[in-house]
Amino acid sequence: FNKKESDNDDDNIDEIEDKEMIITVTNTGYIKSISSDVYSSQSRGGKGVKGVDNNNIDIITQLITANKRSLLLCFGSDGRMYKLPVADINESNSRTAKGQYLNAILEANGEVKIVAIIEVDRKDKNTGSVLIFTRTGGVKRIKTEDLMTNRKSVIAIKLKDDEDVVNAIYDKTGQGKSFIATN
């Protein structure tokens, strides 16, 4: 085991800065974390500021506001859930920086596509549930607390050979009162 995998998630929580972060994920699989202080409000009629480098083809596919003490639950097309503490994402000072390759941080196979990222506050990690959806119409509900092991990744859903995970959503109440729409 390396030290990160065997440590309890909450052991060093007080050592992590209590800070709001903006996390972006791109279509090519890059993730970056920027302090929310880097972004500022725009006056009426303003032209805004550059948030990404236009020379790259990357498109932001997910934008998450999370505390640096939170956890990201990353669901892969392979049926695994990869746990990523927000504090483990290198903080960038530039809005136009590319970031890090997400699969490398998660130690996931390069062919695995991360299909959903769910932010969970460590204080709420024992509440709610996650609904996982497969391409062939399968649905699995799993309690969030069952995903919170000391391991960096767990098998969230067992898949048949012709299946893959296409999405996952967080039901904070855990009572199954989620609305799902597809196109």
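Just so you know, these numbers come straight off a predicted model, no measurement behind them. Starting afresh in each chain, residues are numbered from 1 along the sequence in its written order. Residues qualify for local features only when their pLDDT is at least 70, as the model is predicted, and side-chain atom pairs are given and counted only at 80 or more; totals for whole chains, interfaces and linings, by contrast, use all residues. Water and hydrogen atoms play no part in the side-chain values, which are based on all heavy atoms of the structure.

## Focus on the overall build of the protein
Defined as follows: Runs of E in the DSSP output that reach at least two residues are strands. Runs of H or I that reach at least four are helices, and both are numbered from the N terminus. Burial classes: relative accessible area under 20% of the type maximum marks a residue as buried, over 50% as exposed, and values in between as partly exposed (1.4 Å probe, protein chains only). In this description, contact between two residues means that some pair of their heavy atoms is separated by no more than 4.5 Å. Residue-level accessible areas treat just the shown protein chains as cover; the underlying method is Shrake-Rupley with a 1.4 Å probe.
When you go through the protein residue by residue, the secondary structure sums to three helices and twelve strands. Counting the 183 residues in the protein, one finds 38% classified as buried. Long-range pairs, those at least 24 residues apart, make up 72% of the contacts in the protein between residues at least 6 apart in sequence. By element, 44% of the accessible surface of the protein is carried by carbon and sulfur atoms, the whole surface being about 11,100 Å².

## Things to note about the nonpolar core
To keep it simple, the criterion reads: Each nonpolar core is a collection of buried residues, namely Ala, Val, Leu, Ile, Met, Phe, Trp, Tyr and Cys, held together in the definition by side-chain atoms within 4.5 Å.
Ile31, Leu72 and Leu84 are the most contacted members of the largest nonpolar core, which totals 19 residues. Of all the elements in the fold, those that place two or more residues in this core are strand E1 (20-26), strand E3 (60-67), strand E4 (71-76), strand E5 (80-85), helix H2 (102-106) and strand E8 (114-120). Leu72 has contacts with Ile23, Ile31, Ile64, Tyr82, Lys83, Leu84, Val86, Ile89, Ile117, Ile118 and Glu119, leaving out every residue within four places of it along the chain. Leu71, Ala116, Val130 and Leu147 belong to the second largest nonpolar core, which has 17 residues in total.

## Structural notes on the sheet that holds strand E10 (residues 139-143)
Counted only if it meets this: The pairing criterion is simple: DSSP has to find at least two bridges between the two strands. To obtain an axis, a line is fitted to C-alpha atoms, over the contacting stretch when the element is a helix, and the angle between two such axes runs from 0 to 180 degrees between their N-to-C directions.
Pairing is antiparallel across the open sheet formed by three strands, whose spatial order is E10-E9-E12. Sheet topology places E10 and strand E12 (165-171) at the edges, where each strand pairs with a single neighbour. Between one strand axis and the next, the sheet turns through 20 degrees on average, direction left out of account. Pairing of strand E9 (residues 129-134) with E12, which is carried by six bridges, proceeds in the antiparallel orientation. Each residue of the ladder has a partner; that of Thr134, found in E12, is Val165.

## What to know about the pairing of E1
Side-chain positions along a regular strand alternate between the two faces of the sheet. Counting buried positions over the seven residues of E1 gives six, a clear majority of the element. Pairing of E1 with E3 involves seven bridges; the strand directions are antiparallel. Each residue of the ladder has a partner; that of Glu20, found in E3, is Asn67. Here E1 runs beside strand E2 (residues 30-35); their pairing, made up of five bridges, is antiparallel.

## Observations regarding the pairing of E2
With five of six residues buried, E2 lies mostly within the body of the structure. With two bridges connecting them, E2 and strand E7 (residues 100-101) associate as antiparallel partners. By the bridge assignment for E7, Ile31 is matched with Gln100. Bridge analysis of E2 against strand E6 (residues 91-92) gives two bridges, and the strand direction is parallel. Paired with Ile34 across the strands is Ser92, a residue of E6.

## Some details on the confidence of the model for the protein
Note that predicted coordinates carrying low pLDDT should not be read in detail. How we decide: For every residue, the predictor states its confidence as a pLDDT score lying anywhere from 0 to 100.
Residues of the protein with pLDDT of at least 70 account for 78%, and the chain-wide mean is 82. Counted against residues more than four places away or in other chains, residues 1-8, with its pLDDT under 50, gives ten contacts.

## Quick look at the sheet that holds E8
Within a beta sheet, neighbouring strands are joined by backbone hydrogen bonds and run either parallel or antiparallel to one another. Spatially, four strands are ordered E8-E4-E5-E11 in an open sheet, and the strand pairing comes out antiparallel. Single-partner strands in this sheet number two, and they are E8 and strand E11 (153-155). If you compare each strand with its neighbour and ignore which way they point, the axes differ by 20 degrees on average.

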